[in-house]
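Here is how the chains run, residue by residue.
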Amino acid sequence: MDDTAAVLGLESSCDETAAAVLRADGTILAEAVLSQLEEHAAFGGVVPEIAARAHLDHLPRLAARVMAEAGLGFADLAGIAATSGPGLIGGLIVGASFGKGLAIAHGLPFVAVNHLEAHALTATLPGLVEGGARFPYLLLLLSGGHCQCVAVEGVGHFRRLGTTLDDAVGEAFDKAAKLLGLPWPGGPALERLAATGDAARIRLPRPLLGRAGCDFSFSGLKTAVAHAVARHPPGALPEADRADLAAGFQASVAAVMADRARHALDMLPAATALVVAGGVAANGAVRTALAGAARERGLPMVAPPIRLCTDNAVMVAWAGIERLRRGLTDPLGHAPRPRWPLDQLTA
Amino acid sequence: MARILAIDGALARCSAALLEDGVLRAARAEAGDRGHAALLPPMAEAVLAEAGLRATQLDAVAVVVGPGGFTGLRAALALAEGIGLAAGRPLIGVTTGEALAAAVPEAVRASRAVWAVVDNRRGRVLLERIPPGSLAATALPEPVTEAELPLPRGPVAVAGDAALAVAARLAARGEDALLTESRLPDAAAAGLVAALRLAGRLPPREARPLYVEPPAVRPPG
């Protein structure tokens, strides 16, 4: 595939509708993300049916927009890449079916992109890291739906080193935030509140800290926050306590993250970098803690810019390009997969 | 020559068809057990290939917009949107009832209204009433329980996946209700309706999903 070939990426696995056009050399020609936050806010979380309807409403328009911005016609593309799992099946079906339709119209190759692989390969996007991250590297995927340590050994070659035993870390942030009376999505709100709090005043548990392996667990931490809140009558939690709890929660998560990252790096001694992805990678305390863990080993921490950490279509197009380069395409009969672990990828 | 690619995923079968001037050139249909999303795209590609046409040679892409299963509707609509957008061709919406009615023999439709009834899996049927001799639904589908079915204003032909129960219910009330064999919509029939729309012989209809029912969710508290 020559460097000027362009691929359209489509993302619709959760509550962001996104489209992007990338050149094979990594140049982003156009990108757009439409968040459905407002549609779901009243329900305190993502409602799958509302998400699926919104994806169908928005995706065709978004795709047309990025193509116009890129100055390309669909016939000019080298392929279509659409997130086909894991995620909410209703949205995956919209994105994959729409993408296949675009591909059918001009006989273009179709790539069914694994959303986790797309996050994992973002670090190899030229321009993000000098020369791009080199395989193998350690990926910490930290979002509302995923929480895992992954050895990224090549396109389609992943080993999951550890995962959460209960909640994903972003889910834990959302639940703690809800207990503290913060609006959904809780992560950013909790971080703002934590900034005014004293993390040392209310000591919260640090689940699995020091334990072998690099699994995660957050339910105990969440329960500790719930108990601290329950010591006060409903709605009577003093403002200072709220802030201190938020700060304590965030500090516990950050400490656990750094500890798990150290263990994961022990399991992948050849790692060239520690890469973080997912919405929680936007959290400053978590970033600082992970950067520390990487520095101890003399490794760079690669954290893509926030817009490429959260769900986006640039990463989908890039994963599509990496796969097309290797001749990896998918049949039009590929079925979207709500569950699609990284170690079940083909390459 | 009007060339139409039609796609349906509304109920328990999915299908694609290619029509040229109202004549069926190629068709594929399958029970949707394995999932409409995986079945429909290869079907659309296959009917185009069999007819020897590229999507850019189409005059329109027709799609069944509902009522029906939300997921199957979206699989068909998103696929149609993709083909239509990339080929620069317009989309034409056809309701499930219109597609079902088009598969009822003309001699039957001439003297009977078609009542297309779709089981909404929430204890109701979605009723589309299509007047005798017509192929266009004149109103939005109405959600009704079988016990609350309205009174037909004349003889009816009942179609759709809830037809068996509805026809029996109407017959028990002494109504002239003919149970038809048109139980699941078909892309070929949808294509016929779309051809009439394209020719201006039926009122236009956007390719927007007809969910009828809101998402089954309530805000907390």
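None of these values were measured; they are calculated from a predicted model. (Residues numbered from 1 in each chain as written. Chains lettered and ligands numbered in written order. Predicted model: local features only at pLDDT ≥ 70, side-chain atom pairs only at ≥ 80, totals over all residues. Heavy atoms only, no water.)

1. Some remarks on the interface of chain B and chain A
Part 1 of the argument: Listed as interface residues are 32 residues of chain B and, on the opposing side, 28 residues of chain A.
Part 2 of the argument: Summed over both sides, the interface between chain B and chain A buries roughly 2500 Å², with carbon and sulfur atoms accounting for 74% of that surface.
Part 3 of the argument: Considering only the surface of chain B that becomes buried against chain A, B:Arg74, B:Leu85 and B:Ala86 emerge as the three largest contributors, covering 23% of it.
Part 4 of the argument: Counting across the chain B and chain A interface gives four residue pairs in polar contact (both at pLDDT 80 or more).
Part 5 of the argument: Residue assignment for the side of chain B that touches chain A shows that the elements contributing at least two residues are helix H1 (36-51) and helix H2 (70-87) of chain B.
Part 6 of the argument: Looking at the side of chain B that touches chain A element by element, the count peaks at 13 residues for H2(B).
Part 7 of the argument: Of the residues that constitute the side of chain B that touches chain A, the class distribution is 23 nonpolar, three polar and six charged. (Contact = heavy atoms within 4.5 Å. Buried area = accessible area lost by both parts, 1.4 Å probe. Polar contact = N/O pair within 3.5 Å; in protein donor to acceptor, adjacent residues only side chain to side chain. Helix = DSSP H or I, 4+ residues; strand = E, 2+ residues; numbered from the N terminus. Nonpolar A, V, L, I, M, F, W, Y, C, P; charged D, E, K, R; others polar.)

2. A closer look at the packing of helix H8 (residues 239-267) of chain A against helix H9 (residues 284-296) of chain A
Residue and element names in this part refer to chain A.
Part 1 of the argument: For the pair H8 and H9, the least separation of the axes is 8 Å and the interaxial angle reads 30°. Classified by the angle their axes make, H8 and H9 are roughly parallel. Regarding H8 and H9, the two cross each other, and that crossing is right-handed. Residue-level contacts link Gln250, Val253, Ala254, Met257, Ala258, Ala261, Arg262 and Leu265 of H8 to Ala285, Val286, Ala289, Leu290, Ala293 and Glu296 of H9. (Axes fitted to C-alpha atoms, helices over the stretch in contact; angles between N-to-C directions. Parallel < 35°, antiparallel > 145°, perpendicular 65-115°, else oblique. Left-handed = near helix turned anticlockwise from the far one by under 90°.)

3. Remarks on the sheet that holds strand E6 (residues 137-142) of chain A
All names here are of chain A.
Part 1 of the argument: Taking strand neighbours across the sheet as the criterion, the five strands line up as E8-E7-E6-E9-E10 in an open arrangement whose pairing is mixed. With partners counted over all chains shown, the strands left at the sheet margins are strand E8 (157-163) and strand E10 (301-302), one partner each.
Part 2 of the argument: In terms of strand pairing, E6 meets strand E9 (residues 274-277) through four bridges, oriented parallel. Bridge pairing links leucine 139 to valine 275 in E9. (Pairing = 2+ DSSP bridges.)

4. Describing the environment of B:Leu79
Part 1 of the argument: Its place among the elements puts B:Leu79 in helix H2.
Part 2 of the argument: A C-alpha to C-alpha distance of 17 Å links B:Leu79 and B:Ala194, two positions 115 residues apart in sequence.
Part 3 of the argument: In this structure, B:Leu79 is in contact with A:Ser97, A:Phe98, A:Lys100, A:Gly101, A:Ile104, B:Ile7, B:Leu40, B:Pro41 and B:Ala44, ignoring residues within four places of it in sequence.

5. Re the UniProt feature "domain: Gcp-like" (unreviewed entry) in chain B
Part 1 of the argument: As annotated by UniProt and renumbered to match this structure, "domain: Gcp-like" (unreviewed entry) occupies residues 33-126 of chain B.
Part 2 of the argument: Counted over residues 33-126 of chain B, helix gives 50% and strand 22%. Its end C-alpha atoms are 22 Å apart. (UniProt positions renumbered as here; feature names shortened; annotations may be inferred.)

6. A closer look at H8(A)
Part 1 of the argument: For H8(A), built from 29 residues, the straight-helix expectation of 42 Å at 1.5 Å per residue is met to within 8% by its first-to-last C-alpha distance of 42 Å.
Part 2 of the argument: Most of H8(A) sits inside the fold, with 22 of its 29 residues counted as buried. (Expected span 1.5 Å × (residues − 1). Buried < 20%, exposed > 50% of the residue type's maximum accessible area, 1.4 Å probe, protein only.)

7. Some words on the pattern of salt bridges
Part 1 of the argument: A complete count under the given rule lists 33 salt bridges over all chains for this structure.
Part 2 of the argument: With its nearest N and O atoms 2.9 Å apart, the salt bridge here joins B:Arg74 to A:Glu49. Of this pair, B:Arg74 sits in helix H2 while A:Glu49 sits in helix H2 (residues 48-70), placing the two residues on different chains. Here B:Arg74 matches A:Glu49 in class, with each residue buried.
Part 3 of the argument: In the salt-bridge network here, residues are joined through shared partners; they are A:Asp167, A:Glu171, A:Lys175 and A:Lys222. (Salt bridge = Lys/Arg side-chain N within 4 Å of Asp/Glu carboxyl O.)

8. Let's talk about the UniProt feature "binding site: substrate" (unreviewed entry) in chain A
Residues and elements named next belong to chain A.
Part 1 of the argument: Using the residue numbers shown here, the UniProt feature "binding site: substrate" (unreviewed entry) corresponds to Leu141, Leu142, Ser143, Gly144, Gly145, Asp174, Gly187, Glu191 and Asn283.
Part 2 of the argument: Leaving out residues up to four positions away in the same chain, glycine 144 has contacts with Ala168, Gly170 and Glu171.
Part 3 of the argument: Here aspartate 174 shows up in helix H5 (residues 169-179).
Part 4 of the argument: Excluding its chain neighbours within four sequence positions, the residues that come into contact with aspartate 174 are Trp184, Pro185, Gly186 and Gly187.

9. Points about the packing of aromatic side chains
Part 1 of the argument: Applying the stated criterion across every chain yields a total of four aromatic pairs over all chains.
Part 2 of the argument: Look at A:Phe173 and A:Phe249: their rings are 5.2 Å apart centre to centre, the planes differ by 85°, and that puts the pair in the edge-to-face class. Of the two residues, A:Phe173 sits in helix H5 while A:Phe249 sits in helix H8, which places them 76 residues apart along the sequence. Pair check on accessibility: A:Phe173 and A:Phe249 agree, each one buried.
Part 3 of the argument: Ring geometry for A:Phe216 and A:Phe218: centres 6.1 Å apart, planes at 15°, overall stacked. For the residue pair A:Phe216 and A:Phe218, the accessibility class agrees, reading buried in each case.
Part 4 of the argument: The ring of B:Phe70 has A:Arg53 sitting right over it, with the charged end atom 4.7 Å from the ring centre.
Part 5 of the argument: Taking NZ or CZ as reference, A:Arg53 lies 3.8 Å from the ring centre of B:Tyr211, over its face. (Phe/Tyr/Trp six-rings, centres within 6.5 Å; stacked < 30°, edge-to-face > 60°. Lys NZ or Arg CZ within 6 Å of the ring centre and 35° of its normal.)

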